[in-house]
Amino acid sequence: MSIAKVIVDVQAKTINQTFDYLVPERFQDIIKEGMRVIVPFGPRKITGFVVAIKEESEFIKLKPILDVLDIQPVLTNELLELGKWVAEDTLTLYITAYQAMLPQVLKAQYKKELIRNTGERLIPVMEDLFAGRDVIDFEEFEHSSIPYSKLQRALHDTTISINYVVKSKVTKKQVTYIEPNKEAYLLEEAFMELSHNAKKQKQVLSYFIEFPEPIEQSKLFKLTNANRTVIRALLEKQLLKEYKKEVYRNPYEEASFQKTYPLTLTEQQEKALEPIKRKIQQKEHDVFLVHGVTGSGKTEIYLQAIQEVLEQGKEAIVLVPEISLTPQMVSRFKGRFGEKVAVMHSALSNGEKYDEWRKIQSREVKVVVGARSAIFAPFENLGIIIIDEEHETTYKQEDQPRYHARDVAIKRGQYHHCPVVLGSATPTLESYARAKRGVYQLATLNERTNKQEMPDIEIVDMREELHNGNRSMFSTRLKESMESAINRGEQVVLLLNRRGYSTFVMCRDCGHVKQCPHCDIALTYHKRSNQLKCHYCSYEEPMPNQCPECTSDAIRYFGTGTQRVEESLHELMPHARVIRMDVDTTRKKGAHERLLKSFANKEADILLGTQMIAKGLDFANVTLVGVLTADSMLHLPDFRSSEKTFQLLTQVSGRAGRHELPGQVIVQSYTPDHYSIQLASEYDFNQFFLREMQIRKTFRYPPYVYLALVTVSHPNHVKVVKITQRIVQLLLKVVNEDTVVLGPTASPITRIKDRYRYQCMIKYRNEPNLRKYLKKIIDQFADEARKEDLLITIDMQPYHLM
Ligand SMILES: Nc1ncnc2c1ncn2[C@@H]1O[C@H](COP(=O)(O)OP(=O)(O)OP(=O)(O)O)[C@@H](O)[C@H]1O
Ligand SMILES: [Zn+2]
Ligand SMILES: [Zn+2]
């Protein structure tokens, strides 16, 4: 008899371990590590992952596995180990880590039902809820106003019980094929025997007499005017037969990719690629940081490194940030490696994502290009992992498991003995510092492949503009430059930096700002619906006509949305054709692609957009880049705000003058003397690095220290402060002398959805047991968390400090 060790899908700290189950005879030969199974757990049936198979168990009286969900393992042995590490490193549950590694559709869902166990009368509210039925969906209870305590009591005295129904949502797309079931002469006989009225059946038969090959049912319908009733009749007479065939949804089916070939590398590219290739050939792990200015040909280096990997019969993962996973980026990889490439990003439907994943699992593809979670691609023979724009914060997942793709990449690179390549024009201070210390291998490319100079960056002081009576959002300089570029038949990219900057509503008389009643944050104005919305809890209210504080009617929205910029642009330059790209205009599938294509076809003069246009775009005709508000995120409560500003300005400047035409960049700012704006305009990464490192050292921030952030939330303000205080005290007792424990401090957003939020920040250099201490704290509060709706979250190396 064999025993399976299973990680079960129960979201509780106390359940974070394996459980032993008996493998019944009928599953003996099929069950393998890394498969999903259904097991009994208390009174319910739940899914779980088999992590090991053993001969015996120290427990007697084991329950058997009820069902096996997979035909082949969904997690390789490497991924099982990796998931364990991710869970431990980010202080989360094993089950959470495993689920994060799989496409959404493989996360089996449960339907909960409430079952009435008694013929006696229930309490009145429950009697009303069941309304004469014996079983109801749990959702019905959730949508009712019956308090949980009432249900708990009913569950306790067993008049009602909960049942879990597992429903697996795996949806493979199937296509029906039809083919003849008899030889042609028999079909002909049948044809003669059919009555005169069966015209359509006759048509189908005559089609198959002529073309006996299988055909997709839908195509047959088109060719013969038949419908399903007609086919069914012929199936019943056993003249035809049908079968289903699984097909992949191919999101890039329509697009054709022009085949590209390796370019002759520049000297700098050659120098960067050489050591990477050597590591691939020697099957050795190492981490490379390719620091190359925009347009220096980093992507070509990636492509040629991958080619080497493919020649060795191995596989490659390329991570790119979600927002730069543009059609342009995709076509560069598809153009070089064609069918061997799978693409994974969030714009795909769940079914499409699952199909791409299966192509990886079945080794039909050798390269995956994708956003963060593609790091878990189930390849077994990796030859390289590439992380483009390694400075992007989207590589850190913001909910559990809170992993950083870079750390996972290095872990996998060590396992597979293969190089990891990080690329950026503006590396993070963390990575650059490591490269300078020799922990990573640094390659620098300071020239564009076309030997063009980097475009000139000019800073315009917007305070002076205001002084001179220009109240519009466009400086005179920017306006004139846009006009002359358009007159020359060239194109303009305009960036509205909206991060940390939204359209809030303020009274001009008394300064009152409309806040969300549940969250500690200003409401955002939405023009289309004339509503105020909260981005944290979806609260909504109509835009008021009067100030609720002083009844003045001078209540207006402030801040600049892309829509408003577009309107002023129209007033300022009525003849200019503008394409606006933001979350609103790119929501529909394919919209992103269409807008860029139309810009590439010169159907517009100006491309106006948010952060999403700052990266990866490569248009030959763009000669002017304008940045409307360079400093809007400098004032966020985030120690990385200068770094992020520097990165964004450098990236967007890189969009100009990438080909023959020289480029020009105009940056508007209210704090033009800020070092991140000044140094970005001089392309002085090294100076910026030194300057920023000095500040990080003084204020003890990464990369000089590591951070851990503990956030406590609860509806009661006093309680939150008290518990955070206790956590701080507990930590102070155990940490090293030079570790700093800060708090309790109110989080920058102190209230979300009526819950108060306080935090404790730990800054440390060497604290090998910190995870253990933190885990102990979570365990200590586990009871309170369950009973009293207390939430404690821990983020190791946080990027999001709000
Ligand atoms: N060796 C080469 N010879 C000629 N052209 C090249 C070479 N390498 C790259 N290019 C071209 O130079 C342009 C810029 O290259 P690429 O986009 O790879 O740079 P990048 O460093 O990835 O830029 P960014 O960081 O801005 O995305 C592209 O049009 C590319 O086709
Ligand atoms: Zn007012
Ligand atoms: Zn809210």
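Counting starts from 1 at the beginning of each chain's written sequence and moves along it residue by residue. Written order decides the labels, with chains lettered from A and ligands numbered from 1. A pLDDT threshold of at least 70 governs which residues receive local features in this predicted model, and a stricter bar of 80 or more applies before side-chain atom pairs are shown or counted, although totals over entire chains, interfaces and linings include all residues. Only hydrogens and water are set aside; all other atoms, that is, all heavy atoms of the structure, feed into the side-chain values.

1. Section: the site of ligand 1
So, step 1. Taken together, the neighbourhood of ligand 1 is formed by 19 residues, with T264, Q269, K298, T299 and R332 sitting nearest.
So, step 2. Polar contacts, as used here, are pairs of N or O atoms within 3.5 Å; protein pairs need one atom able to donate a hydrogen and one able to accept it. Residues neighboring in sequence count only if both atoms are side-chain atoms. Between ligand 1 and T264 there is a distance of 2.7 Å, counted from a nitrogen atom to a backbone nitrogen or oxygen.
So, step 3. In the environment of ligand 1, an oxygen atom lies 3.0 Å from a nitrogen or oxygen atom belonging to the backbone of G297.
So, step 4. What counts as a helix is a DSSP run of H or I of at least four residues, what counts as a strand is a run of E of at least two, and both are numbered from the N terminus. Element by element, the count of residues in the shell around ligand 1 is highest for helix α11 (residues 298–311), at three residues.
So, step 5. Residue type decides the class: Asp, Glu, Lys and Arg count as charged, Ala, Val, Leu, Ile, Met, Phe, Trp, Tyr, Cys and Pro as nonpolar, and the leftover types, Gly among them, as polar. For the shell around ligand 1, a count of residues per class yields three nonpolar, ten polar and six charged. We call a residue near a molecule or strand as soon as one heavy atom of that residue lies within 4 Å of the molecule or strand.

2. Here's the deal with α11
So, step 1. One less than the number of residues in a helix, times 1.5 Å, gives the span that helix is expected to have. An ideal rise of 1.5 Å per residue puts 20 Å on 14 residues; α11 measures up with 20 Å between its terminal C-alpha atoms.
So, step 2. Working definition: with a 1.4 Å probe on protein chains only, accessible area under 20% of the residue-type maximum means buried, over 50% means exposed, and in between means partly exposed. Taken together, the buried positions of α11 are occupied by K298, T299, E300, I301, Y302, L303, Q304, A305, I306, E308, V309 and L310.
So, step 3. Positioned one or two residues after α11, G313 has a phi angle of 75 degrees, which is positive.

3. Considerations on helix α12 (residues 327–337)
So, step 1. Of all the positions in α12, only M329, V330, F333, K334, G335, R336 and F337 are classed as buried.
So, step 2. Whether two residues touch is decided by their heavy atoms; if any such pair falls within 4.5 Å, the residues are in contact. On its buried side, α12 packs onto α11, β13 (315–319), β14 (341–344), β15 (367–370) and β16 (382–388).
So, step 3. One or two positions beyond α12, positive phi appears at G338, with a value near 55 degrees.

4. Observations concerning the confidence of the model for the chain
So, step 1. Confidence scores labelled pLDDT are given residue by residue by the predictor and lie between 0 and 100. Across the chain, the average pLDDT comes to 88, with 95% of residues at or above 70.
So, step 2. Overall fold confidence for the complex sits at a pTM of 0.81, while the interface term, ipTM, reaches 0.95.

5. Some words on the sheet that holds strand β31 (residues 740–752)
So, step 1. Strand pairing is assigned whenever DSSP detects at least two bridges linking the two strands. Read from one edge to the other, the open sheet built from four strands follows the order β31-β32-β30-β33, with strand pairing classed as antiparallel. A single partner strand is all that each edge strand has here, and the edge strands are β31 and β33 (791–796). The sheet shows a mean angle of 20 degrees between the axes of neighbouring strands, taken without regard to direction.
So, step 2. Where strand β30 (residues 706–714) and β33 come together, six bridges link them in antiparallel fashion. All axes here are fitted lines through C-alpha atoms, helices being fitted over the stretch that makes contact, and every angle between N-to-C directions spans 0 to 180 degrees.

6. Some remarks on the nonpolar core
The nonpolar side chains of soluble globular proteins are, as a tendency, buried together.
So, step 1. Buried Ala, Val, Leu, Ile, Met, Phe, Trp, Tyr and Cys residues form a nonpolar core when they are joined through side-chain atoms within 4.5 Å. Within the largest apolar cluster, 87 residues are counted, with the highest numbers of intra-cluster contacts made by L75 and L607.
So, step 2. When residues in this core are grouped by element, the largest group, five residues, is from helix α1 (residues 77–90).
So, step 3. Contact partners of L607, with chain neighbours within four places excluded, come to V492, V493, L494, I579, M581, L596, F599, I613 and L617.
So, step 4. Judged by nonpolar contacts, the second largest core, of 30 residues, contains A272, L273, V290 and V320.

7. Digging into the side chain of D388
So, step 1. By the element assignment, D388 lies in strand β16.
So, step 2. Charged-residue counts in this description rest on Lys and Arg as positive and Asp and Glu as negative, His and the chain ends being excluded. Just to be clear on terms, a salt bridge is a Lys or Arg side-chain nitrogen sitting within 4 Å of an Asp or Glu carboxyl oxygen. Comment: no salt bridge for buried D388; closest opposite-charge side chain is K298, at 5.9 Å.
So, step 3. Sequence-distant contacts of D388, that is, excluding residues within four places in its chain, are made with Y302, L319, V320, P321, M329, Y395 and G423.

8. Let's talk about the pattern of salt bridges
So, step 1. Applying the stated criterion to the full structure yields 36 salt bridges.
So, step 2. Of the charged contacts, one joins E216 and K219 as a salt bridge, the two residues approaching to 3.9 Å between their closest N and O atoms.
So, step 3. According to the relative accessible area criterion, E216 is partly exposed, its value standing at 22%.
So, step 4. Taking relative accessible area as the criterion, K219 reaches 47% and is therefore assigned partly exposed.
So, step 5. Across the pair R406 and E390 runs a salt bridge, and its minimum N-O distance is 3.3 Å. Remark: E390 occurs in the loop between β16 and α14 (405–416) and R406 occurs in helix α14; sequence separation between them is 16 residues.

9. As for the packing of aromatic side chains
So, step 1. Under the pairing criterion, centres of Phe, Tyr and Trp rings, with the six-membered ring standing for Trp, must be within 6.5 Å; the plane angle then separates stacked pairs below 30 degrees from edge-to-face pairs above 60, leaving the rest tilted. Scanning the model with the defined rule gives 17 aromatic pairs in all.
So, step 2. Their ring planes at 70 degrees and their centres at 4.8 Å tell us that Y432 and F689 sit as a pair that is edge-to-face. Of this pair, Y432 sits in helix α15 (residues 429–436) while F689 is found in helix α22 (residues 685–699), placing the two residues 257 residues apart along the sequence. Summarising the burial analysis for this pair, Y432 and F689 share the class buried.
So, step 3. Considering the side-chain rings of F646 and F685, the 6.2 Å spacing of their centres and the 55 degrees angle between planes classify their relative orientation as tilted. Of this pair, F646 sits in helix α20 (residues 641–653) while F685 sits in helix α22, and the two are 39 residues apart along the sequence.
So, step 4. What makes F646 buried here is its relative accessible area of 2%.
So, step 5. Looking at K259, its charged tip hangs above the ring of Y261, at a distance of 5.4 Å from the centre. Throughout this description, the term charge over a ring refers to an Arg CZ or Lys NZ atom that lies within 6 Å of the ring centre and within 35 degrees of the ring normal.

10. Some thoughts on the pairing of β30
Put simply, side chains in a regular strand alternate between the two faces of the sheet.
So, step 1. Judged by how many residues are buried, β30 sits mostly within the fold: eight of nine residues are covered.
So, step 2. Note: β30 against strand β32 (residues 755–764), nine bridges, orientation antiparallel. Among the inter-strand pairings, Y706 is bridged to a residue of β32, identified as Y764.

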